[in-house]
Amino acid sequence: MNNARVGSALITLALLCASASFAQPVPQSAPTIGSANTVVADPPVARPAATPCRVQLFTNLQFADFSSKAFAYAPPAQCPGPWRKVVLEADFSVEAGRQFDRTATLWIGGVNVYFGTTAEPSHLVGRSWHVERDLSEYTALLALPAAGRADLGNLVNSTYTSSLWGSADLAFYPDDESEHRAGSTADLVLPMSASPTGGTVALSDPTAVLAQTFTLPTNVEAAWLDVVLQSQGANDEFWYACVPNDVANALLSCIGTGFREGEVRIDDQSAGVVPIYPWIYTGGIDPLLWRPIPGVQALNFVPYRVDLTPFAGVLSDGQPHRIAINVINDSQYFSTTATLLVFLDHESRQVTGAVTRNTIGQAAPAVQENLVTATDGTITGTVAATSSRSFVLEGFVRTSHGEVRTTVEQTLDFSNNQSFVVPQIAANYVQNITQKTNIVSKTRVSADGRESTVTTRMSWPLEVDITAPPDGSFQTTVSQSYEREDAIAHGDDIVYSSTVSNHVAPHDNYPSGQGQANSQQYFSTDSTGACYSRSITAAAGVLTQIVDGALCRDR
């Protein structure tokens, strides 16, 4: 990306917006053809048929500064648990006027329960949107009262005129013992955040870490770490468009290469890898691209889960253990948080075990530069950053029901290929990006001569093509996807499988908006017979079509 030209274009767009007076929050409404309001094809969280008990966290809260907003959480007295499902529901809106996309996070007891960004308004259109997150695995956190916190830093003045508003609640669905899955919720839900009430930690370079020391119970049987690494700052927000430092100035791009990856360490030993999804926020590249359909997960990030179970025996020794996360090639900052989920052996006071194999090692991305400078100074050619790594992490624990061995095998293939035309005369600047992230994870659990395997395959392709004529305009085409397949097998028999596919494809000519269009297609299905499909299209900033169920019928 030509950061100088794109950044200037975003500022210009902001200056075109007029001021707006303070207004009450805009209620979220069902998608309507012809509407310019924010719309996504994503489904709501699946729910049991029962009527939930609800706990209101906050209502019509105004965000017009950078202060944290405190709220008090208490579990619902009318249905004290256990709960079959708990769903966070939040509604946000922004007034018409001028405002950047902002980052929003919600916290209970210091634990992050929501992380996303906001939709940008336009001069005439305020926007509203609804987000949900399944917190069923976090019910141990929600069993007791706790301090809550909402962070949505926002500047409102004569230039940036739009306040943001929000309401949030939790829906608790009483447990049906006939359906309850033993062990499906964590016994401990522990935060890795900036303070006892929450907050993200900014990682400003590869040596910076989000770290927390835990002394856990001596009967840990399994542990997971849910991680969010949100890219921020000019060098990291558009990290997929960055290039090696030695050519960044010549290519008018950001530094650090087009590769970023999170690392997890326990007591300075490699314990996991966190691939980073290339989220593009609603002010990203060209804000007109995302009206009214935002990028994949832009409003509601999906945390990446790292299985730390091979370390369960280590974590059960009664000693303090430091868990730390950093980001490879971080060159500005990543806003970071994580949540540790701990599962205990309730029939044992002491679990013992060890890590028996660990081949993670360090990532060392390969960089290739193939650039040519013509006699007139025009630079053409390609830059590539690739990383391919496979590792095994294995450990065992001696539990009340015998020895349990867990083996995590993971293969990560990443490539970022960019082609450039950087003219020194009046001609088009071109930057085309093709990025692929492929992840295959297999977790095998062996106990009592039986084996179960959880396999997850993810693919996160991203293509961005930018052409910027010398007149200050630019044309952008984006294709962004999140593809995931999960399967659970007992022995050779697959007992459950699921598929999720989420694809967004906008294009625009800035600043005219001529030919602006976008589409999103969301599809999910699983082996129980559940299926969801919705496709939406938009043009000239308004919703033009909604098609439900087509992919389910085709299946």
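Keep in mind that this is a model prediction, so the values were computed, not measured.

J.: Describe the overall build of the chain, listing the residues and the values that go with them.
T.: Helix and strand counts for the chain stand at 6 helices and 30 strands. A compact globule built from 555 residues should have a C-alpha radius of gyration of about 24 Å, and the chain, at 24 Å, falls within 12% of that. For the chain, the spread of C-alpha atoms along the three principal axes comes to 75 × 55 × 50 Å. By residue count, 53% of the 555 residues in the chain fall in the buried class. Total accessible area on the chain stands at roughly 22300 Å², and carbon and sulfur atoms take up 52% of it. Across the chain, 31 positive and 53 negative side-chain charges occur, with their mean positions spaced 1 Å apart.

J.: How would you sum up the side chain of Ser-524? Please name residues and give values.
T.: When you line up the elements, Ser-524 lands in strand 28 (residues 517-526). When residues no more than four places from it in sequence are discounted, the contact partners of Ser-524 are Thr-499, Val-500, Ala-530, Cys-531 and Tyr-532.

J.: An account of the environment of Leu-288 is needed here, citing residue identities and associated values.
T.: Its place among the elements puts Leu-288 in the loop between strand 14 (269-275) and strand 15 (304-307). Under the relative-accessibility criterion, Leu-288 is labelled buried at 14%. Those residues in contact with Leu-288 that sit more than four places away from it in its chain are Asp-508, Tyr-510, Pro-511, Gly-513 and Gln-516.

J.: I'd like to hear about the packing of aromatic side chains, residue by residue, with values.
T.: Under the definition given, this model contains 20 aromatic pairs. Pairing Trp-460 with Tyr-482 gives two aromatic rings, centres 6.1 Å apart and planes at 15 degrees, and the pair type is stacked. One end of the pair, Trp-460, is in the loop between strand 23 (450-459) and strand 24 (462-468); the other, Tyr-482, is in strand 25 (residues 474-490), with 22 residues separating them in the sequence. Accessibility expressed as a relative area gives 9% for Tyr-482, which makes it buried.

J.: Describe the sheet that holds strand 1 (residues 53-63), with residues and values.
T.: Taken in spatial order, the 4 strands make up an open sheet running 1-8-3-6, and their pairing is antiparallel. Of all the strands in the sheet, just strand 1 and strand 6 (127-134) have a single pairing partner and so form its edges. Between one strand axis and the next, the sheet turns by 15 degrees as a mean value, whatever way the strands run. Where strand 3 (residues 83-94) and strand 8 (residues 164-174) come together, 11 bridges link them in antiparallel fashion. The residue of strand 8 that forms the bridge with Ala-90 is Ala-168.

J.: Give me the state of the cysteines: which residues, what numbers.
T.: A covalent bond bridging the sulfur atoms of two cysteines is what the word disulfide describes. Under the counting rule described, the total for this entry stands at 3 disulfides. Two residues, Cys-242 and Cys-254, share a disulfide whose sulfurs are 2.0 Å apart. The chirality of the disulfide connecting Cys-242 with Cys-254 is left-handed, given an S-S dihedral of about -105 degrees. Taken as a pair, Cys-242 in the loop between helix 3 (233-237) and helix 4 (245-251) and Cys-254 in the loop between helix 4 and strand 13 (261-266) lie far apart in primary sequence, 12 residues in all.

J.: Outline unusual backbone geometry, listing residues and values.
T.: Cis geometry marks the peptide bond from Gly-81 to Pro-82; its omega dihedral reads 5 degrees. Along the chain, Pro-82 turns up in the loop between strand 2 (69-73) and strand 3. Each neighbour pair has its own omega, and for Arg-291 with Pro-292 the value is 0 degrees, a cis peptide bond. Tracing the chain through its elements places Pro-292 in the loop between strand 14 and strand 15. Notably, Leu-252 is not glycine yet its phi reads approximately 55 degrees, a positive angle.

J.: Break down the environment of Glu-120 for me, citing the residues and quoting the values.
T.: Residue placement: Glu-120 occurs in the loop between strand 5 (111-117) and strand 6. With relative accessibility at 10%, the residue Glu-120 sits in the buried group. A sequence separation of 22 residues divides Glu-120 from Arg-98, and the C-alpha atoms of the two residues are 8.0 Å apart.

J.: Describe the nonpolar core, naming the residues involved and giving the relevant values.
T.: Of all hydrophobic cores here, the largest spans 72 residues; its most connected members are Leu-225, Tyr-240, Val-264, Leu-308, Ile-323, Ile-325 and Leu-340. The biggest single contributor to this core is strand 12 (residues 220-232), with 6 residues. Sequence-distant contacts of Leu-308, that is, excluding residues within four places in its chain, are made with Ala-223, Trp-224, Leu-225, Val-264, Ile-266, Ala-271, Ile-323 and Leu-340. In terms of nonpolar packing, the next biggest core, distinct from the first, is built from 40 residues, Leu-57, Val-94, Ala-104 and Ala-222 among them.

J.: Tell me about the pairing of strand 6, residues and numbers included.
T.: For strand 6, the tally of buried residues reaches 6 of 8 residues, placing the bulk of the element in the interior. As paired elements, strand 3 and strand 6 share 8 bridges and run antiparallel to each other. The partner of Val-87 across the bridge, within strand 6, is Asp-134.

J.: Go over the pattern of salt bridges, please, and point to the residues and values.
T.: Under the defined criterion, the tally for this structure stands at 18 salt bridges. When the shortest N-O distance is used, the salt bridge between Arg-450 and Asp-448 registers 4.0 Å. Accessibility assignment for this pair places Arg-450 and Asp-448 in one class, exposed. In the salt-bridge network here, residues are joined through shared partners; they are Arg-47, Arg-54, Glu-89, Glu-132 and Asp-169.

J.: Can you explain the sheet that holds strand 2? Please cite residues and give values.
T.: In space, the 4 strands of this open sheet follow the order 2-7-4-5, with antiparallel pairing throughout. Each edge of the open sheet carries a strand with a single partner, namely strand 2 and strand 5. On average, each strand axis in the sheet is inclined to that of its neighbour by 15 degrees, with strand direction left out of account. Relative to strand 5, strand 4 (residues 103-108) is paired through 6 bridges, and the arrangement is antiparallel. Bridging across to strand 5, Thr-103 finds its partner in Thr-117.

J.: How would you summarise a nonpolar patch on the surface if you had to cite specific residues and measurements?
T.: Among the surface-exposed residues, Val-454, Ile-488 and Val-495 lie close enough to one another that they form a single nonpolar patch of about 200 Å² accessible area. Mapped onto the fold, Val-495 is located in strand 26 (residues 493-504).

J.: I'd like a rundown of the side chain of Ser-136, residues and numbers included.
T.: Looking at where Ser-136 falls in the secondary structure, it is placed in the loop between strand 6 and helix 2 (139-142). By relative accessible area, Ser-136 is classed as buried at 11%.

J.: A description of the environment of Leu-543 should follow, citing residues and the corresponding values.
T.: Following the sequence through the fold, Leu-543 ends up in strand 30 (residues 542-548). Assessed through its relative accessible area of 2%, Leu-543 is described here as buried. Separated by 479 residues in sequence, Leu-543 and Ala-64 place their C-alpha atoms 29 Å apart. For Leu-543, the contacting residues outside a window of four places in its chain are Pro-31, Thr-32, Ile-33, Gly-34, Ser-35, Val-39, Pro-292, Ile-536, Thr-537 and Ala-538.

What counts, and at which threshold
Residues numbered from 1 in each chain as written. Predicted model: local features only at pLDDT ≥ 70, side-chain atom pairs only at ≥ 80, totals over all residues. Heavy atoms only, no water. Helix = DSSP H or I, 4+ residues; strand = E, 2+ residues; numbered from the N terminus. Rg over C-alpha atoms; globule rule 2.2 N^0.38 Å. Buried < 20%, exposed > 50% of the residue type's maximum accessible area, 1.4 Å probe, protein only. Areas by Shrake-Rupley, 256 points an atom, 1.4 Å probe, with all protein chains shown as cover. Lys, Arg positive; Asp, Glu negative; His and termini not counted. Charge placed at Lys NZ, Arg CZ, Asp CG, Glu CD. Contact = heavy atoms within 4.5 Å. Phe/Tyr/Trp six-rings, centres within 6.5 Å; stacked < 30°, edge-to-face > 60°. Pairing = 2+ DSSP bridges. Axes fitted to C-alpha atoms, helices over the stretch in contact; angles between N-to-C directions. Disulfide = S-S within 2.5 Å. Core = buried A, V, L, I, M, F, W, Y, C linked by side-chain atoms within 4.5 Å. Salt bridge = Lys/Arg side-chain N within 4 Å of Asp/Glu carboxyl O. Patch = residues over 30% accessible without salt bridge, like charges linked within 9 Å, V, L, I, M, F, W, Y side chains within 5 Å.

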